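The chain contents come next:
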Amino acid sequence: MVHFYGAHVTEGKAVSVSVPEGYVLNVVHASLASGSAAVLSVETTGLDQSLVKVVVGTLRAKTCDQIKLDLVLGAQKAKFSVTGDGVVHLSGYHQPGPPELVEDEASEINRLSVADLTDLIQKAAARIPKEHADELEGEEEEDEKNQESTTQKKRPHETTWDQDEDSDDDDDDESEDVAPKVPRKPNQKPQANNFNDPLKRKRKKKKNKKLFQQQQ
């Protein structure tokens, strides 16, 4: 639950803040209610418990009469003070702080040994109903069967691949047995095909006829 916070700070009246345990104080706004100027400061303790005092804003009439703050104060005490003739109004809200049990539980988990974690896992497994456990075992067996069937389906493809490789090797052997063509020399003239030349065939016919007549 969130609770509103408000305070008036003057030069002669500082405001001490004591945040309730389990809460944090968010101071979000400071305004100049009266006077010409005011310098607002806050005093608190740091992480090492040392005293810290800083200026959080300067207010001036008709120039900067309000400022937005983003101060979050925890369980440590704090004090707001003003320098100048102005009166400063502070506003904000209390809200529950982060639970400290979360860190304690995390530290306890980090301190657990392997044996303790194993014991916790076994206890959690014992809480599972027997029917659910049987279903989980059945699913594991079904997964194993599916993997085996998938492996068996892949084996014929491997055999086919080997056969293809053997056939490729046979083709290579047959291609090696074929005699290569003898290349023609550059200056060698192609042989004339007399049978297909009609003029030469006619001359040869006349020559054969003359030889036949002379023999008679």
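Residues numbered from 1 in each chain as written. Predicted model: local features only at pLDDT ≥ 70, side-chain atom pairs only at ≥ 80, totals over all residues. Heavy atoms only, no water.

Q: Which residues make up a positive patch on the surface, and what are the values?
A: On the surface, Lys200, Lys202, Arg203, Lys206 and Lys210 cluster together into a positively charged patch. With respect to the secondary-structure elements, Lys200 resides in helix α4 (residues 198-215). Judged by relative accessible area, which is 40%, Lys200 ranks as partly exposed. (Patch = residues over 30% accessible without salt bridge, like charges linked within 9 Å, V, L, I, M, F, W, Y side chains within 5 Å. Areas by Shrake-Rupley, 256 points an atom, 1.4 Å probe, with all protein chains shown as cover. Salt bridge = Lys/Arg side-chain N within 4 Å of Asp/Glu carboxyl O. Lys, Arg positive; Asp, Glu negative; His and termini not counted. Charge placed at Lys NZ, Arg CZ, Asp CG, Glu CD. Helix = DSSP H or I, 4+ residues; strand = E, 2+ residues; numbered from the N terminus. Buried < 20%, exposed > 50% of the residue type's maximum accessible area, 1.4 Å probe, protein only.)

Q: Mind laying out the sheet that holds strand β4 (residues 37-45), listing which residues take part and the relevant values?
A: Strand order in the open sheet made by the four strands is β2-β7-β4-β5, with antiparallel pairing throughout. Looking along the sheet, the strands with just one partner apiece sit at the ends: β2 (15-17) and β5 (51-60). For this sheet, the mean angle separating the axes of adjacent strands, direction not counted, is 20°. The pairing of β2 with strand β7 (residues 78-83) spans three bridges and is classified as antiparallel. Across the sheet, residue Val15 finds its bridge partner in β7, namely Phe80. (Pairing = 2+ DSSP bridges. Axes fitted to C-alpha atoms, helices over the stretch in contact; angles between N-to-C directions.)

Q: How would you summarise the sheet that holds strand β3 (residues 23-34) if you had to cite specific residues and measurements?
A: Taken in spatial order, the four strands of this open sheet run β1-β8-β3-β6, and their pairing is antiparallel. Here the strands that pair on one side only, and so sit at the sheet edges, are β1 (3-9) and β6 (66-73). Each strand axis lies, on average, 20° off the axis of its neighbour in the sheet, ignoring direction.

Q: Can you lay out the environment of Val72 for me, pointing to particular residues and giving the numbers?
A: Following the sequence through the fold, Val72 ends up in strand β6. For the pair Val72 and His94, spaced 22 residues apart in the sequence, the C-alpha separation amounts to 9.5 Å. Filtering out sequence-adjacent residues up to four positions away, Val72 remains in contact with Val24, Leu25 and Asn26. (Contact = heavy atoms within 4.5 Å.)

Q: Help me get a handle on the pattern of salt bridges, residues and values and all.
A: One pass over the full model with this rule turns up one salt bridge. As a salt-bridge pair, Lys79 and Glu43 come within 3.9 Å of each other at their nearest N and O atoms. One end of the pair, Lys79, is in strand β7; the other, Glu43, is in strand β4, with 36 residues separating them in the sequence. Judged by relative accessible area, which is 34%, Lys79 ranks as partly exposed.

Q: Now, about unusual backbone geometry: what can you tell me, with residues and values included?
A: Of note, Gln49 is a non-glycine position whose phi angle comes to about 65°, a positive value. Position of Gln49 relative to the elements: it lies in the loop between β4 and β5. Since its relative accessible area comes to 56%, Gln49 is described here as exposed.

Q: How would you summarise the side chain of Asn26 if you had to cite specific residues and measurements?
A: When you line up the elements, Asn26 lands in strand β3. Those residues in contact with Asn26, other than ones at most four positions away along the chain, are Leu71, Val72, Ser91, Gly92, Tyr93 and Gln95.

Q: Could you give an account of the nonpolar core, naming the residues involved and the relevant values?
A: Counting 22 residues, the largest nonpolar core has Val17, Leu25, Ala30, Leu40, Phe80, Val88 and Leu90 as the members making the most contacts within it. When residues of this core are traced back to their parent elements, those giving at least two are β1, β2, β3, β4, β6, β7 and β8 (87-96). Leaving out residues up to four positions away in the same chain, Leu90 has contacts with Tyr5, Gly6, Ala7, Val9, His29, Ala30, Leu40 and Phe80. (Core = buried A, V, L, I, M, F, W, Y, C linked by side-chain atoms within 4.5 Å.)

Q: Provide a residue-level description of the confidence of the model for the chain, including the pertinent values.
A: Of the residues in the chain, 63% have a pLDDT of 70 or more, and the chain-wide mean is 75. Of all helices and strands in the chain, the one with the weakest mean pLDDT is helix α1 (residues 101-110) (54), whereas β7 scores best (94). When the criterion is pLDDT under 50, residues 157-161 qualifies, and its contacts beyond four places in sequence or with other chains add up to zero contacts. Note on residues 174-179: pLDDT under 50 across the span, and zero contacts to partners over four residues away in sequence or across chains. (pLDDT = per-residue confidence, 0-100.)

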